[in-house]
Amino acid sequence: MPAHLLDDSLAEIEACLDAWGEPAYRARQVARWALREGVTSFDAMTDLPAALRARLAETYTLAPPAELARTAADDGLTTKVLLDLGGSEPGAPGFDAVEAVRMDYDPDRPPHAAGTRGRSTVCVSTQAGCAMGCVFCATGQQGFTRNLTTSEILAQVLHFTRGEAGSRVSNVVFMGMGEPLANYGPTLRAVRWLIDPHGLDMRARGVTISTVGLEAPIRRLAAEGLQVGLTVSLHAPDDGLRRRLIPTAGGVTIEGLLDASREYVERTGRRVTFAYALLEGVNDEPAQARRLAERVRGMRAHVNLIPYNPTAGEGMRRPSTARVRAFQRELQAAGVNATVRIERGVEIAAACGQLRTDVVAGGTTQRLSVVDSGTA
Ligand code: SAH
Ligand code: SF4
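Residues numbered from 1 in each chain as written. Chains lettered and ligands numbered in written order. Predicted model: local features only at pLDDT ≥ 70, side-chain atom pairs only at ≥ 80, totals over all residues. Heavy atoms only, no water.

### So, the packing of aromatic side chains
Selection rule: Centre distance within 6.5 Å is the pairing criterion for rings of Phe, Tyr and Trp, where only the six-membered ring of Trp is used; planes under 30 degrees apart are then read as stacked, over 60 as edge-to-face, and the remainder as tilted. A run of H or I in DSSP becomes a helix once it reaches four residues, and a run of E becomes a strand once it reaches two; helices and strands are each numbered from the N terminus. Each residue gets one of three labels from its accessible area relative to the maximum for its type: buried under 20%, exposed over 50%, partly exposed in between, using a 1.4 Å probe on protein chains only. Only when the NZ atom of a Lys or the CZ atom of an Arg is both within 6 Å of the ring centre and within 35 degrees of the ring normal do we say a charge sits over the ring.
Across all of its chains, the model carries one aromatic pair by this definition. A ring pair is formed by Tyr-276 and Phe-327, whose centres lie 5.1 Å apart and whose planes are at 35°; its orientation type is tilted. In this pair, Tyr-276 is assigned in strand β12 (residues 272–278) and Phe-327 in helix α11 (residues 321–333), connecting sequence segments 51 residues apart. In this structure Tyr-276 comes out as buried when scored by relative accessible area, which is 1%. A cation over an aromatic ring shows up here: Arg-32 above the ring of Trp-33, its NZ or CZ 5.2 Å from the ring centre.

Shown next as structure tokens:
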């Protein structure tokens, strides 16, 4: 089967077309068709010579994944799709599918979280499943199937930008299924296509990578010279508790993560966000907020609290709004900027990890989650 064009970088496509004796601008033309126009066949690239289109079609594919399911919520402002990545039938072993969510922020419909007015954000997955096994995460409880390729990651954005009216996407957050920094190469290549002026031409600041906290890849990302946002999932103020919530955290310490985050801030000039999933009676005590504040105070960072969404099974509870607010106030009183993540699509189970579960399990709908941050 031909390789997917968007698994290659622009430089690789340039090298290929150069070897075919094509002028230098051809690769940029092809990239614009594939990304900005979102075409799914080389025949649609009407300003390319017919012979070149035929040769491209022999060498590469642009086939998009099929949509298996779609749900909408928030009066159509939140849309979640399940995309077929091949493998077997839904529900059968080896079924490969991935979900992506688009959240629109209608400028005329308050309330707006800070900075979200008029935005359109797509949340993408980087792996089918996840190997990190976080105890509160539905994806983590499903286990790991495989890494997605660059074209499979980009397809989730293109699925929403292609062909629909008013479909400009301003932000992409890597907060879907999987751990982006455990699939570093394809994730970074996808980021570069998103922000390349000859690709989707998005602002790097509109792209956010969320990581469970892999220290070495955070440092590597810091050295890439990109202005992308970084969210580090912390979830606990001390290492013992953190290892219970993230069984694979192993030798990674909070101190090591904070140090890698400082390096990220220094090298990119960007503030880091610490995500903290709040679980009642586990990590939501005021004393834990004070301990967390001691550790992150003074950093160019802010804490984004995510009240637990009951998706991953029994035994964990979402704290009351009052407890969430109390935790937030402790952080703020200690001088740490803290927000509560707003929820979108509550009635459709838009949580990352849940739609796939629904299809596999024959359609049980659970509470949905959240993907963009701001002050609730
Ligand atoms: N693997 C990456 C990105 C995907 S998860 C990471 O862990 O950061 C995106 C965010 O959702 C993470 O901060 C994760 O901790 C959080 N999350 C996952 N399941 C959740 C749940 N059931 N309730 C609240 N937050 C959850
Ligand atoms: Fe993987 Fe992130 Fe879920 Fe943890 S929270 S299991 S790292 S997707």
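Moving on from the coordinates now.
### As for helix α9 (residues 254–268)
Quick note on the threshold: One less than the residue count of a helix, multiplied by 1.5 Å, gives the span that helix is expected to have. For this analysis, residues touch if any pair of their heavy atoms sits within 4.5 Å.
The end-to-end C-alpha distance of α9, which contains 15 residues, comes to 21 Å, matching closely the 21 Å that a straight helix rising 1.5 Å per residue would cover. Turning to α9, its buried residues number three or more, namely Ile-254, Gly-256, Leu-257, Leu-258, Ala-260, Ser-261, Tyr-264, Val-265 and Thr-268. Structurally, α9 contributes buried residues whose contacts are with α7 (215–222), β11 (229–233), α8 (239–245), β12 and α10 (286–296). Just downstream of α9 lies Gly-269, where phi reads positive at about 75°.

### A look at the packing of α10 against α11
Put simply, the rule is: Throughout, an axis means a line fitted to C-alpha atoms (over the contacting stretch in the case of helices), and angles, computed between N-to-C directions, take values from 0 to 180 degrees. The hand of a helix crossing depends on one turn: near helix anticlockwise from the far one by less than a right angle means left-handed, and clockwise means right-handed.
Running from N to C, α10 and α11 cross one another at 35°; their axes reach a closest spacing of 8 Å. Handedness of the α10/α11 crossing: right-handed. Counting all contacts with α10, which are made through Pro-286, Gln-288, Ala-289, Arg-290, Leu-292 and Ala-293, the residues of α11 involved are Phe-327, Glu-330 and Leu-331.

### Here's the deal with the pattern of salt bridges
The cut-off we apply is this: A pairing counts as a salt bridge when a side-chain nitrogen of Lys or Arg comes within 4 Å of a carboxyl oxygen of Asp or Glu.
Under the definition given, this model contains 20 salt bridges. Across the pair Arg-323 and Asp-284 runs a salt bridge whose closest N-O atoms are separated by 2.7 Å. Of the two residues, Arg-323 is situated in helix α11 and Asp-284 in the loop between β12 and α10; the sequence distance between them amounts to 39 residues. Relative accessible area serves as the criterion here: at 27%, Arg-323 is assigned to the partly exposed category. Here Arg-291 makes a salt bridge to Glu-294, at a shortest N to O gap of 3.1 Å. Here the residue Arg-291 and the residue Glu-294 both occupy positions in helix α10, the gap between them amounting to three residues, near one helical turn.

### Examining the site of ligand 1
Keep this limit in mind: Summary of the distance rule: residues count as near a molecule or strand when at least one heavy atom falls within 4 Å of that molecule or strand. Any N or O atom pair separated by 3.5 Å or less is treated as a polar contact, with the protein-specific requirement of one donor-capable and one acceptor-capable atom, and with residues adjacent in sequence counted only for side-chain atom pairs. Only the protein chains shown count as cover for residues, and all accessible areas are computed by the Shrake-Rupley method using a 1.4 Å probe. In this count, Pro and Cys sit with the nonpolar residues alongside Ala, Val, Leu, Ile, Met, Phe, Trp and Tyr, while Asp, Glu, Lys and Arg are called charged and the others, Gly among them, polar.
Around ligand 1 sit 18 residues in total, of which Phe-136, Ser-210, Ser-233, His-235 and Asn-309 are the nearest. Between a nitrogen atom of ligand 1 and a main-chain N or O atom of Gly-178, the distance comes to 3.0 Å. In the model, an oxygen atom of ligand 1 is placed 3.5 Å from a nitrogen or oxygen of the Thr-211 main chain. Alone, ligand 1 offers 530 Å² of accessible surface; in the complex the protein occludes 90% of this. Split into classes, the residues belonging to the shell around ligand 1 amount to nine nonpolar, eight polar and one charged.

Functional significance is not addressed by these values, which are geometric in nature.
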